[in-house]
Amino acid sequence: MFKGRHFDQSVILLCVRWYLAYGLSLRDLREMMAERGICVDHSTIHRWVVHFAPLLMERFNRRKRAVTGKWHADETYIKVRGRWTYLYRAIDSVGDTVEFWFSEYRDLPAAKRFFTKALARHGRPDRIVIDGSQTNREAIVSCDATSRLQDAPRRRSKPIRIRQSQYLNNRIEQDHRRIKRRVRPMLGFKSTHAAAVTLSGIEMVHMMRKLQALYAFNPNPSLAEQFEILAAA
């Protein structure tokens with residue numbers, strides 16, 4: 001994973017973890033590394049985040065524990081190149097992150113891609129709570145119908161119950177805030193690719209803090225320990 005890199009693995013992991021987890025800019029990290037006698041440009045740190053965040057996320061997903069059968073789904077706004085884009089997110093009844101999907105558009109195809117990804121990874125829930133969005137409702141119905149057709153040869157499946165309630169969806173609105181709190185100091189992303197990759201890393205750290213991954217020898221590892229475990233996997 002780190003073969004051929006000019007800098008040591010510990011330096012790369014430290015910069016990637018601090019950038020994804022805390023309200024630091026790339027230039028803040030450059031200065032902090034300089035105080036430790038390590039000269040690294042802010043653009044290099046950005047390349048590390050873009051390269052390693054998806055690899056760490058892939059390894060994290062292999063250890064991610066199962067979610068419950070009641071989901072809360074919604075989307076929030078993220079600014080990229082001066083315009084608003086959308087981050088679709090879902091959490092379960094205990095607050096664990098189910099799935100997320102970054103999209104330039106807030107429309108039916110984007111909602112379908114999000115729910116298709118969630119159902120493929122976690123299976124079909126018993127119920128999904130959404131706000132008053134008719135688009136999200138249509139996407140769930142469509143994805144659920146496709147999923148039930150695929151399950152038909154094996155077993156009969158009940159349709160997913162959809163509950164539309166702004167009040168009941170306050171839970172995911174609160175969960176959005178933790179992601180937005182980290183994104184705010186970044187002052188917007190410069191490209192959709194960088195936004196998608198960085199947001200996946202921020203979501204991964206958010207799940208790490210919720211202890212959503214299973215580790216055989218340490219049931220309650222710190223963020224640093226989880227990064228080390230994933231890097232060594």
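As the structure is a prediction and not an experimental result, all values here were calculated from the model.

Draft legend 1. Expanded view of the pattern of salt bridges. A full pass over the atoms with the stated rule returns 11 salt bridges. When the shortest N-O distance is used, the salt bridge between E203 and R89 registers 2.6 Å. Here R89 lies in strand β2 (residues 83-92) and E203 lies in helix α7 (residues 192-209), a separation of 114 residues in the sequence. Its salt-bridge partner being D144, residue R148 comes within 3.7 Å of it at the nearest N-O pair. Note that R148 and D144 are positioned in helix α5 (residues 134-151) at a spacing of four residues, about one turn of the helix. Of the residues examined, D144 reaches a relative accessible area of 4% and is grouped as buried.

Draft legend 2. Structural context of unusual backbone geometry. The phi dihedral of R81 falls on the positive side, at around 50 degrees, and the residue is not glycine. Tracing the sequence through the fold places R81 in the loop between β1 (70-80) and β2. Taking relative accessible area as the criterion, R81 reaches 55% and is therefore assigned exposed.

Draft legend 3. The side chain of Q212, seen in detail. Along the chain, Q212 falls in the loop between α7 and α8 (223-232). Under the relative-accessibility criterion, Q212 is labelled buried at 0%.

Draft legend 4. Up close: the confidence of the model for the chain. Averaged over every residue, the pLDDT of the chain is 91; residues scoring 70 or more account for 97%. Within the chain, strand β3 (residues 97-103) carries the highest mean pLDDT (96), whereas α5 carries the lowest (88).

Draft legend 5. Quick peek at helix α2 (residues 26-35). Within the sequence span of α2, burial applies to L26, L29 and M33. Burial along α2 is one-sided: seen end-on, the buried residues are contained in an arc of 55 degrees. Buried residues along α2 sit against α1 (9-21) and α3 (42-63). One or two steps after α2, the chain reaches G37, where phi turns positive at roughly 80 degrees.

Draft legend 6. Structural view of the nonpolar core. With 48 residues, the main nonpolar core has L20, W48, L199 and M204 as its most contacted residues. Mapped onto this core, the elements with two or more residues apiece are α1, α2, α3, β1, β3, α6 (170-183), α7 and α8. Residues contacting M204, with those up to four places away along its chain left out, are L20, L56, M57, F60, F227 and L230.

Draft legend 7. Structural detail: the packing of α3 against α8. Interhelical geometry of α3 versus α8 gives an angle of 95 degrees and a closest axis separation of 9 Å. On the basis of their axis angle, the class for α3 and α8 is roughly perpendicular. Judged by residue contacts, L56, R59, F60 and R63 of α3 engage Q226, F227, I229, L230, A231 and A232 from α8. In terms of residue class, the contact of α3 with α8 is made up of seven nonpolar, one polar and two charged.

Draft legend 8. Region of the structure containing the sheet that holds β2. Ordered by their spatial adjacency, five strands build an open sheet running β3-β2-β1-β4-β5, and the pairing between neighbours is mixed. Edge positions in the sheet fall to β3 and β5 (161-164), since each of these pairs with one other strand and no more. Neighbour-to-neighbour, the strand axes of this sheet turn through a mean angle of 25 degrees, independent of strand direction. Sitting on the sheet, helix α4 (residues 108-122) is in contact with β1, β2, β3 and β4 (127-130), with an inclination near 150 degrees to β3.

What counts and how
- Residues numbered from 1 in each chain as written.
- Predicted model: local features only at pLDDT ≥ 70, side-chain atom pairs only at ≥ 80, totals over all residues.
- Heavy atoms only, no water.
- Salt bridge = Lys/Arg side-chain N within 4 Å of Asp/Glu carboxyl O.
- Helix = DSSP H or I, 4+ residues; strand = E, 2+ residues; numbered from the N terminus.
- Buried < 20%, exposed > 50% of the residue type's maximum accessible area, 1.4 Å probe, protein only.
- pLDDT = per-residue confidence, 0-100.
- Arc of directions from axis to C-beta.
- Contact = heavy atoms within 4.5 Å.
- Core = buried A, V, L, I, M, F, W, Y, C linked by side-chain atoms within 4.5 Å.
- Axes fitted to C-alpha atoms, helices over the stretch in contact; angles between N-to-C directions.
- Parallel < 35°, antiparallel > 145°, perpendicular 65-115°, else oblique.
- Nonpolar A, V, L, I, M, F, W, Y, C, P; charged D, E, K, R; others polar.
- Pairing = 2+ DSSP bridges.

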